Amino acid sequence: MNENNLIEIRDLSIEFKLHSGTIRAVDQVSLDIPKGKVTALVGESGSGKSTLASAILNIVSSPGIIKNGSILFNGEDIVQYSANRLRQYCWTDVSMVFQAAQNALNPVMRIGDQMIETVLAHKKMRKEEIIKKASQLLDYVRLEPSRVLKAYPHELSGGMKQRVMIAFSLLLDPKLVILDEPTTALDVITQDYIFDILLKVHKEMNITMLLLSHDISVVAKVADRIGVMYAGKIVETGETFEMFENTKHPYTAGLIQAAPSLLDDVSKNKSIRGSSPNLLNLPPGCAFHPRCEFATDRCKQEQPRGISVGKGRIAACHLNEKGEMLA
Ligand code: SF4
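The structure presented is a predicted model; accordingly, all values stated were derived computationally and were not measured.

Scanning the protein chain from N- to C-terminus turns up twelve helices and twelve strands. The C-alpha radius of gyration computed for the protein chain amounts to 20 Å, which stays within 12% of the reference 20 Å derived for 327 residues, consistent with globular compactness. Considered along the principal axes of its C-alpha atoms, the protein chain spans approximately 65 × 50 × 40 Å. Going through the 327 residues of the protein chain one by one, you find that 51% of them count as buried. Of the contacts formed within the protein chain by residues at least 6 apart in sequence, a portion of 62% connects residues at least 24 apart. Approximately 15,800 Å² of the protein chain is accessible, and the part contributed by carbon and sulfur atoms is 51%. Placing the 38 positive and 37 negative side-chain charges of the protein chain at their respective mean positions leaves the two points 3 Å apart.

Lining the immediate environment of the ligand, one finds 13 residues, of which Cys286, Cys292, Cys299, Cys317 and His318 sit closest. For the shell around the ligand, the class distribution of residues is ten nonpolar, three polar and no charged.

This paragraph deals with the packing of aromatic side chains. Aromatic rings in a pair are described by how distant their centres are and how their planes are angled relative to each other. Using the criterion set out here, one finds five aromatic pairs in the structure. Residues phenylalanine 73 and tyrosine 89 carry aromatic rings whose centres are separated by 5.2 Å and whose planes lie at 75° to one another, so their mutual orientation is edge-to-face. Taken together, the residues span a long stretch of sequence, with phenylalanine 73 in strand E4 (residues 64-73) and tyrosine 89 in helix H2 (residues 83-92) at a distance of 16 residues. Here the two residues phenylalanine 73 and tyrosine 89 agree in accessibility, since each one is buried. Judged by centre distance (5.4 Å) and plane angle (75°), the rings of tyrosine 81 and tyrosine 89 are edge-to-face. Linked through ring pairs, Phe73, Tyr81 and Tyr89 together constitute an aromatic cluster. Against the face of tyrosine 140 rests lysine 200, its NZ or CZ located 4.3 Å from the ring centre.

With 94 residues, the main nonpolar core has Ile7, Ile56 and Tyr89 as its most contacted residues. Looking at this core, the element that brings in the most residues is helix H6 (residues 158-170), giving seven residues. Not counting chain neighbours up to four residues away, the residues in contact with tyrosine 89 comprise Ile7, Ile56, Leu57, Phe73, Ile78, Tyr81 and Val94.

Relative to the helices and strands, proline 250 resides in helix H10 (residues 250-258). Classification of proline 250 by relative accessible area gives buried; the value is 8%. Distance in space between the C-alpha atoms of proline 250 and isoleucine 14 is 25 Å, their sequence separation being 236 residues.

Time to look at the sheet that holds E4. The strands making up a sheet associate through backbone hydrogen bonding, with each pair oriented either parallel or antiparallel. Taken in spatial order, the four strands make up an open sheet running E2-E1-E4-E5, and their pairing is antiparallel. Where the open sheet ends on each side, the last strands, each with one partner, are strand E2 (21-34) and strand E5 (76-77). Judged from the two bridges that link them, E4 and E5 form a sheet pairing that is antiparallel. Bridge pairing links phenylalanine 73 to glutamate 76 in E5. Lying over the sheet, helix H1 (residues 49-56) contacts strand E1 (5-18), E2 and E4, oriented at roughly 115° with respect to E1.

Another aspect to go through is helix H4 (residues 127-140). With 14 residues, H4 should reach 20 Å at 1.5 Å per residue; the first-to-last C-alpha distance of 20 Å fits that figure. Of the residues trailing H4, arginine 142 is marked for its positive phi of about 60°.

Ordered by their spatial adjacency, eight strands build an open sheet running E6-E7-E8-E3-E9-E10-E12-E11, and the pairing between neighbours is mixed. Each edge of the open sheet is held by one strand with a lone partner, namely strand E6 (94-97) and strand E11 (307-310). Averaged over all adjacent pairs, the angle separating strand axes in this sheet is 25°, with direction ignored. Sheet analysis places strand E10 (residues 233-239) next to strand E12 (residues 313-315), joined by two bridges and oriented antiparallel. Bridge pairing links glutamate 236 to alanine 315 in E12. The strands touched by H1 are strand E3 (38-42), E6, strand E7 (176-180), strand E8 (208-213) and strand E9 (225-230); relative to E8, the strand with the most contacts, the crossing angle is about 150°.

About the thresholds
Residues numbered from 1 in each chain as written. Predicted model: local features only at pLDDT ≥ 70, side-chain atom pairs only at ≥ 80, totals over all residues. Heavy atoms only, no water. Helix = DSSP H or I, 4+ residues; strand = E, 2+ residues; numbered from the N terminus. Rg over C-alpha atoms; globule rule 2.2 N^0.38 Å. Buried < 20%, exposed > 50% of the residue type's maximum accessible area, 1.4 Å probe, protein only. Contact = heavy atoms within 4.5 Å. Areas by Shrake-Rupley, 256 points an atom, 1.4 Å probe, with all protein chains shown as cover. Lys, Arg positive; Asp, Glu negative; His and termini not counted. Charge placed at Lys NZ, Arg CZ, Asp CG, Glu CD. Near = heavy atom within 4 Å. Nonpolar A, V, L, I, M, F, W, Y, C, P; charged D, E, K, R; others polar. Phe/Tyr/Trp six-rings, centres within 6.5 Å; stacked < 30°, edge-to-face > 60°. Lys NZ or Arg CZ within 6 Å of the ring centre and 35° of its normal. Core = buried A, V, L, I, M, F, W, Y, C linked by side-chain atoms within 4.5 Å. Pairing = 2+ DSSP bridges. Axes fitted to C-alpha atoms, helices over the stretch in contact; angles between N-to-C directions. Expected span 1.5 Å × (residues − 1).

Structure follows, in structure tokens:
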């Protein structure tokens, strides 16, 4: 395992057996999560990013199973972890803030009590120490500890609850925090505020982060690296700046063009034509071909392989084999 990486995912496939057939939500994915960096996984709903993230915690929901592949953490394959080791790993090594996690707060329990309960579920610690730590973290995410610890979730705004969840995720000093759509359903100003806090946490506490989002422009503000997922596969990875400067996959280009910006004329945004594919009935060849303006006959028959398209960059598109660039 490369010492610069915290997590190395190799050839990972996750399948769900349904009445109507088997879907491969994650399909032979390989991805590095470098230590001390912010990595973003981007893709439309159903692209497989949340399933991939749940696999990093080894909590793929039933009936999903990890069909093959490995997820290395400190050189150990977490797919092979015992239940005991997994309990220790979740929250203390890696924690996750799930999508719409604010709704996961217990509505009839004060925030402080929920924080105590979370810590005690994973390790022995005196309640006073937990409250001290929780207060520091709440202060860190710019909340007033004395008020928030005593509050019930309904007494907090959406942005405050999201900050509470970020504080929760840091309670056990994890090395990696995964945040699934951390700013969805929040207004643009609050989104910026949350990302400011995440950057502060990342830099000052040296926490490695994995952000999942459908909006490439939102995560580009904070991510060092981006992986773009489509139909369960990673179709492009690279440094954020490089990906925007020199896009190597039409789907990435589509996501960038579709992303709204406060400074842009929104009428110029161009959404990607068509919709996400049905994983039960994927098109042959490149799964993106029905939506791709560059598709050729070859694309309709042959799946593109991920190939190196520059330092630390991989893209899976036949165009790159011909050395063509996407403007
Ligand atoms: Fe488009 Fe073909 Fe590239 Fe797929 S392989 S993204 S269809 S050009």
